[in-house]
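Coordinates in review
Here are the chains, one letter per residue:
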Amino acid sequence: SANRMGPGGRAYFWYAAYVICGAGCLYADCRHAAPPRPRGEKIGQRTPTITPCLSFTDFFMRQIVLDTETTGLDPDEGHRIIEVAGVEVQNRQLTGRHLHLYVNPDRDSDPDALAIHGLTTEFLSQYPRFEEVADQLVEFVKGAEIIIHNAPFDLRFLNAELGRLGLPAFESLCAKVTDSLLYARELHPGKRNSLDALCERYGISNAHRTLHGALLDSELLADVWLAMTRGQDSLLMDFADDVTQTA
C-alpha cells in the first residue's frame, strides 16, 4: 500500500490485494482509495468496498469475443442481423477457432448501415436465413463468457432473432456477457473508447479495417481485450501456480 495526499492535505491510503469470495473467485490487483476516517472511528470499523477487476474463474473460462452487423439500428423497426462472428479465447490465448456467418435478412440495409458494412442485399441473398444457422451460433457460444463491445446493441438484435424462433434469450445460453465498452470506459474515463480508438491506444494495427465486418472486428476486439487486461496476468498465474502446488 502507499499513502497519497488528498484534498486539504488529508491522507488517502491506496492498497492492492487478492480477494477470494465464497464461490472461489479470485479478485486480483484491485486498487482502491479508502477515504479518510471520521474522527473517533477506529481502524476496522469500516468495511471497504471491493470492486473486482478480473476473477480467477474468468481467467480460465472459455471466452468468445463476438460481433454482429445489422441492416439498421433498431430490431423493433424490423432490422435484422446480416453477419455474426466470434473468436474463441481459452486461458487468455486465442485458440484459432472461430464462427463466421453471413445471413440473408430478406430486406435491404438502411443507407447509413450499408455505408458502414458494405454488405449489399444481392450479396447476402446467397446465404442462409438466421433460422438455418441459429443452431451453429447456439452451440458455439454455449457455456462461454461472451465479450461484446457495446453489448446492449448486439444483445437486442440477437434476442430479437432468437425470439422469432421461440429460442431462449441469448444471455441464458452462455455463462455471462461482458461489455468491453463499459470496461474500457472504467479503465480510461473521459477518453474515446471506440474500437478504433482502443486499437490506436494499445498499438494494434487496424489499417485493413476500411469497412466494419463482424469477423475482423471480433478479432481486433480480442486483441484489445487481452491488451486491456494484460496487467493482471502475472498475478493470476502466480496464484494459479500456488493453488496447484498446494493442491
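Summary of the structure given here. (Residues numbered from 1 in each chain as written. Predicted model: local features only at pLDDT ≥ 70, side-chain atom pairs only at ≥ 80, totals over all residues. Heavy atoms only, no water.)

Attention now moves to helix α9 (residues 214-228). Helix length check: α9, at 15 residues, gives a terminal C-alpha distance of 20 Å against a target of 21 Å (1.5 Å per residue), a fit within 8%. Within α9, 13 of the 15 residues are buried, which leaves the element mostly enclosed by the surrounding structure. (Helix = DSSP H or I, 4+ residues; strand = E, 2+ residues; numbered from the N terminus. Expected span 1.5 Å × (residues − 1). Buried < 20%, exposed > 50% of the residue type's maximum accessible area, 1.4 Å probe, protein only.)

What follows is about the pattern of salt bridges. Tallied over the entire structure, the rule returns 11 salt bridges. Residue Glu88 is joined to Arg62 by a salt bridge in which the shortest nitrogen-to-oxygen separation is 2.5 Å. One end of the pair, Glu88, is in strand β5 (residues 81-90); the other, Arg62, is in the loop between α1 (56-60) and β4 (63-70), and 26 residues separate them in sequence. For Glu88, a relative accessible area of 6% puts it in the buried group. In this structure, a network of salt bridges that share partners links the residues Arg62, Glu88 and Arg97. (Salt bridge = Lys/Arg side-chain N within 4 Å of Asp/Glu carboxyl O.)

Another aspect to go through is the pairing of strand β6 (residues 93-102). The pairing of β5 with β6 spans seven bridges and is antiparallel. Considered in β6, the bridge of Gly86 is made with Leu99. (Pairing = 2+ DSSP bridges.)

Let us look at the nonpolar core. Within the largest apolar cluster, 25 residues are counted, with the highest numbers of intra-cluster contacts made by Leu66, Leu137, Ile146 and Phe170. Contributing elements (two or more residues each) for this core: β4, β5, β6, α4 (130-141), β7 (145-148), α5 (151-164) and α6 (170-173). At seven residues, the largest contribution of residues to this core is made by α4. If you look at the next biggest cluster of nonpolar residues, it comprises 22 residues, including Ala184, Leu198, Ala222 and Leu226. (Core = buried A, V, L, I, M, F, W, Y, C linked by side-chain atoms within 4.5 Å.)

A few words on the side chain of Thr229. Within the secondary structure, Thr229 sits in the loop between α9 and α10 (233-246). Among the polar contacts listed, one links the side chain of Thr229 to the backbone oxygen of Trp225, at a separation of 2.8 Å. Contacts of Thr229, omitting those with residues within four sequence positions, involve Arg92 and Tyr183. (Polar contact = N/O pair within 3.5 Å; in protein donor to acceptor, adjacent residues only side chain to side chain. Contact = heavy atoms within 4.5 Å.)

Relative to the helices and strands, Leu215 is located in helix α9. Separated by 117 residues in the primary sequence, Leu215 and His98 place their C-alpha atoms 8.5 Å from one another. If sequence neighbours within four positions are ignored, Leu215 has contacts with Glu83, Ala85, Val87, His98 and His100.

Here Glu83 shows up in strand β5. Here Glu83 is buried and forms no salt bridge, its nearest opposite-charge partner Arg209 lying at an N-O distance of 10 Å. With sequence-adjacent residues up to four places away left out, Glu83 is seen in contact with Asp67, Thr68, Glu69, His100, Leu101, Tyr102, Leu119, Gly213, Ala214 and Leu215. (Lys, Arg positive; Asp, Glu negative; His and termini not counted.)

Spatially, β6-β5-β4-β7-β8 is the arrangement adopted by the five strands of the open sheet, whose pairing is mixed. Two strands bound the open sheet, and with one partner strand each, they are β6 and β8 (176-179). Neighbour to neighbour, the strand axes of the sheet diverge by 25 degrees on average, direction disregarded. Pairing of β7 with β8, which is carried by four bridges, proceeds in the parallel orientation. (Axes fitted to C-alpha atoms, helices over the stretch in contact; angles between N-to-C directions.)

Unlike most non-glycine residues, Asn91 shows phi in positive territory, near 50 degrees. Among the secondary structure elements, Asn91 is positioned in the loop between β5 and β6. Note on Asn91: relative accessible area 36%, which makes it partly exposed. In this model, Arg92 sits at a positive phi of 60 degrees, which is unusual for a non-glycine residue. Of note, Arg92 is situated in the loop between β5 and β6. Exposure remark for Arg92: the relative accessible area of 8% places this residue in the buried category.

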